[in-house]
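Analysis of the macromolecular model
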Amino acid sequence: MKLFPAIDIQDKQAVRLSQGDFNQKTVYHTNPLEVAKQWQAAGSEWLHVVDLDGAKDGVSKNVEITREIISQTDLKVQLGGGIRSADHVKDWIVAGLDRVIIGSAAVGNLPFVAALVQAYGEKICIGVDAKNGKVATHGWLTDSGVDAFEFCQQLEKVGVQTVVYTDIAKDGMMQGPNFEAYEKLVRETNLQIIASGGVSRLEDLTRLAEIGVYGAILGKSLYEGAFTLEEAIACLQEG
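Residues numbered from 1 in each chain as written. Predicted model: local features only at pLDDT ≥ 70, side-chain atom pairs only at ≥ 80, totals over all residues. Heavy atoms only, no water.

**Some thoughts on the overall build of the chain**
On a plain count of helices and strands, the chain comes out with ten helices and twelve strands. Expressed along its principal axes, the backbone C-alpha trace of the chain runs to roughly 40 × 40 × 35 Å. Residues counted as buried form 52% of the 239 residues belonging to the chain. Sequence separation of 24 or more characterises 66% of the internal contacts of the chain that already satisfy a separation of 6 or more. (Helix = DSSP H or I, 4+ residues; strand = E, 2+ residues; numbered from the N terminus. Buried < 20%, exposed > 50% of the residue type's maximum accessible area, 1.4 Å probe, protein only. Contact = heavy atoms within 4.5 Å.)

Here it is, written out as structure tokens:
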């Protein structure tokens, strides 16, 4: 199972929200590039970046810092947040992004997703953010009414290979992931599922690996010192 240490960027700072609430924000570092370099030094292969300004407003204030992370580290970078057009996707792939995460723009627009997959293949990833079983959009502020599991199945049918699945109720709460949801996704689809939200201890990673998810995003657990990235990597190697 792959590990994706996360950097959520707002106003060019590395922050974390609780349950997607922009009013519950903790600033962890004023320089996201330095954080990225720390994760690389700790042995990470991948980095998960979320542009919170882009996710909320559809307009990014963090393009420059994200490009610096891509160009000044050896990390494979996946980015989500406010990427809502084919031109945006193309620009990021040209900039060297390894995986583009489409969220709000994918909901209710499967032809758009299918066209992106046809053009860029495995570089296209869909972020499915679930709240009470329904897909939330636009920085988790809007309930689309779309069933999250059915949406994942539809994504697979149009060629999507990888989905970042977030249970919003778990995100940033340090109470463990929604294991039942991930078990169902692994059982009922052939998607590469990246689990996002709730990882709070090494045992959570072990269980996710046993379920068979492709990857897990690590955010608050690392920033709050629940365990180190080195410990997480060693845990999975031992398992």
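**A short note on the nonpolar core**
The biggest cluster of nonpolar side chains holds 63 residues, and the ones touching the most others in it are I102, I126, V128, V163 and Y165. Every residue in contact with I102, bar those within four places of it in the chain, is listed here: I83, V89, F112, L116, C125, I126 and G127. One finds I101, V164, I194 and Y214 within the second-largest nonpolar core, a separate group that totals nine residues. (Core = buried A, V, L, I, M, F, W, Y, C linked by side-chain atoms within 4.5 Å.)

**Quick look at the packing of helix α7 (residues 179-188) against helix α8 (residues 202-211)**
Two elements in contact, α7 and α8, have axes whose closest approach is 10 Å; the angle formed by their N-to-C orientations is 20°. Taken together, the axes of α7 and α8 lie roughly parallel to each other. Classified by chirality, the crossing of α8 by α7 is right-handed. Taking contact as the criterion, the partners of F179, E180, Y182, E183 and V186 in α7 are, on α8, D204, R207, L208 and I211. Of the residues that constitute the contact of α7 with α8, the class distribution is five nonpolar, no polar and four charged. (Axes fitted to C-alpha atoms, helices over the stretch in contact; angles between N-to-C directions. Parallel < 35°, antiparallel > 145°, perpendicular 65-115°, else oblique. Left-handed = near helix turned anticlockwise from the far one by under 90°. Nonpolar A, V, L, I, M, F, W, Y, C, P; charged D, E, K, R; others polar.)

**A short note on the packing of aromatic side chains**
The tally for this structure, following the rule as stated, stands at six aromatic pairs. An angle of 45° between the planes, with centres 5.5 Å apart, marks the rings of F4 and W46 as tilted. Of this pair, F4 sits in strand β1 (residues 2-10) while W46 sits in strand β4 (residues 46-51); the two residues are 42 residues apart in sequence, bridging distant segments of the chain. Connected via pairs of aromatic rings, a cluster forms that spans F4, W46 and Y214. Just above the ring of W92 sits the side chain of R67; from NZ or CZ to the centre is 5.5 Å. Over the face of the ring belonging to F179 we find R207, whose NZ or CZ atom lies 4.0 Å from the ring centre. (Phe/Tyr/Trp six-rings, centres within 6.5 Å; stacked < 30°, edge-to-face > 60°. Lys NZ or Arg CZ within 6 Å of the ring centre and 35° of its normal.)

**Here's the deal with the side chain of Q78**
Relative to the assigned elements, Q78 resides in strand β5 (residues 76-80). Assessed through its relative accessible area of 0%, Q78 is described here as buried. In terms of polar contacts, Q78 uses its side chain to reach the side chain of H48, at 2.8 Å. (Polar contact = N/O pair within 3.5 Å; in protein donor to acceptor, adjacent residues only side chain to side chain.)

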